[in-house]
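# Topology and contacts: notes
Spelled out, the chains give:
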Amino acid sequence: MKRPVLTLYCLLVYAFLLAPILVVVGASFNAGNFLTFPPQGLSLRWYVTFFHNDVFMRAIRTSLWVAAMATVISGTIGTMAALYYVQHAGRWKEAVRIAMLAPLLLPEVLTAIALLFFVYAVGIGTTTMIGMVAGHVLITLPFVFINVSASLESFDPSWDMAARSLGADRLTRFRRIMLPLIKPGVIGGALFAFIISFDTFTISFMLKGIGTSTLPIQLFDYLRTNFTPEAAAVSTVSIVLTLVVVIVSEKVLGLRIHRF
Amino acid sequence: MTEVSIERLTKTFGGARAVDGISIRIADGEFISLLGPSGCGKTTTLKMIAGFEEASEGAIRFDGKDVVNVPAEKRDIGMVFQNYALFPHMTVVQNLAFGLEMRKIAKPEMLSRIAEVLDMVQLGGYSDRYPNQLSGGQQQRVALARALVIEPKILLLDEPLANLDAKLREEMRVFIRDLQRRVGITTVYVTHDQAEAMTMSDRVVVMFGGRIAQIGAPSDIYERPENLEVAQFVGQVNLVKGTILGGTITGAAGPGKSRVASVFGEVAVDSRTDHAPGAAVTLSLRPEAIELKTASQGGAQGKVTARYYSGSIIDYRIALDSGETLHVQTFPNIRIAEGDRVSVHAPADGFWLLGAAK
């Protein structure tokens, strides 16, 4: 604590940013009928209501399913794109990077409208979830790409050469040498993809199938007509879900970076 | 074991010829160094032998069989890299086991071979360490062990000591050389450090600009350099201007020598090339071949302009009265101070007549 003023300042900024989230979590334990803080008595009644609300339950299942699909697809494509970008793009490197990051640079609403036109033009429509998953893949791809290419940049080509000299073919080298060494980047990217997909509103709003809904959309819908602590309970559950995903992948798959 | 034959090997990048038609025959069990400044094509040559770079032209034969079209993973080579290139997510044993697994060696044999090789590089107790828990020298020994445990046809080393500090580098030179002799493996060693190449190799290949300037035993390269470039790259050298004198040399000096007039008088000098009488030539004279005596004892006269003491030797800079500057190395038992006038003696066999640079 060498600089007390700076430290205090930082703490205040964090408090300012994080307090609303804590307020939402606090409000979810409200015993009263309205979304107020401090809560009027403590109760889990709004959680019970939430878990018995079929509409919300269906929405959360849809969200999880779409996020899982988007994570797997975007994790695979993003990793392959990063491999191409770092190892083979040559003079197209900058062009590839800009193309991969384009979804970050364009306003999401624009991407969403364009995709909506596109899925109808090619006859996919919005009766299935194909369009929505494609949209989620598109907006999560840059995060996988950035993470994986960063870890590939620190991948020493002589590791690959050493493995070759020891007799390993291309597939073995990828499986035994490259993948384990870029794993933190791949998992980090996939986590980002999952969280962003789970949380996104605009893309889902435009591309969701008729009659289906993701959690953020359902919550928005709900808040238009209701103002009960159930909304806070929904938010708290989605925060917890996100945290669980992060912690579990860290423990099971390992996010720690090898120190060379 | 394996004999390697490189024939008119060429590598072009774009239009540039990084390696330009070089031919080397490496005997079974021989230790050969490719020595040259950066960009001379030595690493590209090594990579072509390993199979990491495709040869543009020419042949590489292992025991007579052309391997140019054999991919690196099937060439059966052991390679050691400058930055060790140990797999950071594997322990020492796992690093060593990798190549054996690729060869589908049964577990018991694998373990005994790993133990044997680790013993050879004196890292018996380090099996379960990760590379980042080892020092640079230890990492390089693991890299050596990993290359040797697969019992490859050829061992290739790409500047393996460049990242180590000076003292360790000297220890590792001897260590690698002894190990190579014991295993008896054909070895190609790339370096830009002439002292390294000379102490370790059976023969040294000096390369400039993608071509071979000279191949020979270390003493050949040092004492009888092909041309000015080689002489200057391999150690310190004084260049002395001279003129070829006519007439034949008889007696002990014998044929194959030329008579040359220089500041040091008339000397019979060894050479590989013929020069017409009257031709202006350059003689090389190694700093340690020169003897310094106190003034007025014959020989060329000069003055000490600088003196650098470095323990085992002293370096002197001498300004000759004839205008030339000499670099002299002597043992510290001769005490001559800066500013002293000296007589400079150079024995005839300290000179070497340089050919023109190609």
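Each chain has its residues counted from 1, running along the sequence as written. Written order determines the labels here, with chains lettered from A and ligands numbered from 1. Thresholds applied to this predicted model are a pLDDT of at least 70 for local features of residues and 80 or more for the giving and counting of side-chain atom pairs; totals over whole chains, interfaces and linings are not thresholded and use all residues. To obtain the side-chain values, all non-hydrogen atoms of the structure were used and water was disregarded.

Attention shifts here to the interface of chain B and chain A. Any pair of residues with heavy atoms lying within 4.5 Å of one another is described as a contacting pair. Contact with chain B, which involves 24 residues of that partner, is made by 21 residues of chain A. By definition here, a salt bridge exists when the distance from a side-chain nitrogen of Lys or Arg to a carboxyl oxygen of Asp or Glu is within 4 Å. Joining chain B to chain A, the criterion identifies three salt bridges. A salt bridge links Arg164 of chain A to Glu73 of chain B, with the shortest nitrogen-to-oxygen separation between them at 2.8 Å. Two N or O atoms count as a polar contact when they lie within 3.5 Å, although within protein this holds only if one can serve as hydrogen donor and the other as acceptor, and sequence-adjacent residues are included solely when both atoms are side-chain atoms. For the pair chain B and chain A, the interface holds seven residue pairs in polar contact (both at pLDDT 80 or more). Strands are runs of DSSP state E lasting at least 2 residues, helices are runs of H or I lasting at least 4, and numbering of each runs from the N terminus. When contributions to the side of chain B that touches chain A are tallied by element, the ones reaching two or more residues are β6 (77-80) and α2 (92-102) of chain B. The biggest single contributor to the side of chain B that touches chain A is α2 of chain B, with four residues.

Working note: a packed helix pair is described by the angle between its axes plus the distance between those axes. Residue and element names in this part refer to chain A. Axis lines are fitted through C-alpha atoms, for helices just across the contact stretch, and the angle between N-to-C directions can take any value from 0 to 180 degrees. Taken N-terminus to C-terminus, the directions of helix α10 (residues 215-225) and helix α11 (residues 230-252) make an angle of 165°; their axes are 10 Å apart at the nearest point. On the basis of the axis angle, α10 is roughly antiparallel to α11. Note that α10 runs across α11; the crossing there is left-handed. Contacts from Leu215, Leu219, Tyr222 and Leu223 in α10 reach Glu230, Ala231, Val234, Ser235 and Ser238 in α11. Orientation categories follow fixed angle ranges, with anything under 35 degrees roughly parallel, anything over 145 roughly antiparallel, 65 to 115 roughly perpendicular, and all other angles oblique. By convention the crossing between two helices is left-handed if the near helix lies anticlockwise of the far one by an angle smaller than a right angle, and right-handed if it lies clockwise.

A separate point is the pairing of β6 of chain B. Residues and elements named next belong to chain B. Side chains of β6 alternate between two faces, with Ile77 and Met79 and Gly78 and Val80 buried alike. Pairing geometry for β6 and strand β7 (residues 154-158), over four bridges, is parallel. Its bridge partner being in β7, Met79 is matched across the sheet by Leu156. In this scheme, a residue with accessible area under 20% of its type's maximum is buried, one over 50% is exposed, and one in between is partly exposed, where area comes from a 1.4 Å probe on protein chains only. Criterion used throughout: strands pair if DSSP finds at least two bridges between them.

Right, let's get into the packing of aromatic side chains. All names here are of chain B. Stacked, edge-to-face and tilted labels apply to pairs of Phe, Tyr and Trp rings (six-membered ring for Trp) whose centres lie within 6.5 Å, assigned for plane angles under 30 degrees, over 60, and everything in between, in that order. As enumerated under the stated definition, the model contains 15 aromatic pairs over all chains in all. Seen from their ring centres, Phe31 and Tyr189 are 5.6 Å apart, and the 35° between their planes marks the pair as tilted. With Phe31 in strand β3 (residues 31-35) and Tyr189 in strand β8 (residues 186-191), this pair connects stretches of sequence that are 158 residues apart. Classification of Phe31 as buried rests on a relative accessible area of 0%.

The next thing to look at is the sheet that holds strand β11 (residues 238-245) of chain B. Consider a sheet: its strands pair through backbone hydrogen bonds, and that pairing is either parallel or antiparallel. Residue and element names in this part refer to chain B. Strand order in the closed barrel formed by five strands is β11-β12-β13-β20-β14, with mixed pairing between adjacent strands. Neighbour to neighbour, the strand axes of the sheet diverge by 50° on average, direction disregarded. For β11 and strand β12 (residues 257-262), the ladder comprises three bridges, and the chain directions are antiparallel. The partner of Thr243 across the bridge, within β12, is Ala261.

Before going further, it helps to spend a moment on the pairing of strand β13 (residues 265-271) of chain B. All names here are of chain B. Here β12 pairs with β13 via six bridges, running antiparallel. Residue pairing across strands places Val260 opposite Val267, the latter belonging to β13. Bridge count for β13 against strand β20 (residues 351-353) is two bridges, and the pairing is parallel. In the strand pairing of β20, Ser271 is matched with Leu353.

As a further point, take a nonpolar patch on the surface. Residue and element names in this part refer to chain A. Taken together, the side chains of Leu6, Tyr9, Val13, Tyr14, Phe16, Leu17, Leu18, Ile21, Ile239, Leu243 and Ile247 make up a nonpolar region of the molecular surface, amounting to roughly 1,100 Å² of accessible area. Among the secondary structure elements, those contributing two or more residues to the nonpolar patch are α1 (4-27) and α11. For the nonpolar patch, the leading source of residues is α1, giving eight residues. The topology assignment puts Ile247 in helix α11. Only residues whose relative accessible area exceeds 30% and that take part in no salt bridge are eligible for patches, with like-charged residues grouped when within 9 Å of each other and nonpolar side chains (Val, Leu, Ile, Met, Phe, Trp, Tyr) grouped when within 5 Å. Here the open area of atoms and residues is found with the Shrake-Rupley method and a 1.4 Å probe, where only the protein chains shown may cover a residue.

This next bit is on the nonpolar core. Within the largest apolar cluster, 97 residues are counted, with the highest numbers of intra-cluster contacts made by Ile177 of chain A together with Phe87, Phe98, Leu144 and Leu156 of chain B. Non-local contacts of Leu144 of chain B, meaning those with residues more than four positions away in its chain, are made with Val80, Leu155, Leu157, Phe175, Ile176 and Leu179 of chain B. Throughout, nonpolar core names a set of buried Ala, Val, Leu, Ile, Met, Phe, Trp, Tyr and Cys residues whose side chains join them through atoms within 4.5 Å. Residues Val260, Leu285, Ala300 and Tyr316 of chain B belong to the second largest nonpolar core, which totals 25 residues.

Okay, the confidence of the model for chain B next. The predictor's confidence in any single residue is recorded as pLDDT, a number from 0 to 100. Confidence in the prediction of chain B, expressed as mean pLDDT, is 89, and 96% of residues score 70 or more. Among the prediction metrics, the complex's ipTM stands at 0.83, with pTM recorded as 0.82.

The next point concerns unusual backbone geometry. All names here are of chain B. Its identity as a non-glycine residue notwithstanding, Arg8 has a phi of 45°, on the positive side. Tracing the sequence through the fold places Arg8 in strand β1 (residues 4-13). Unusually for a residue other than glycine, Tyr84 sits at a positive phi of about 70°. Residue placement: Tyr84 occurs in the loop between β6 and α2. You can call Tyr84 buried: its relative accessible area is 9%.

Residues and elements named next belong to chain B. Counting across every chain of the model gives 24 salt bridges over all chains. One salt bridge connects Asp20 with Arg211, and the closest N-O pair in it is separated by 3.1 Å. With Asp20 in strand β2 (residues 16-26) and Arg211 in strand β10 (residues 211-216), this residue pair connects regions lying 191 residues apart in the sequence. Residue classification places Asp20 among the buried positions, given a relative accessible area of 18%.

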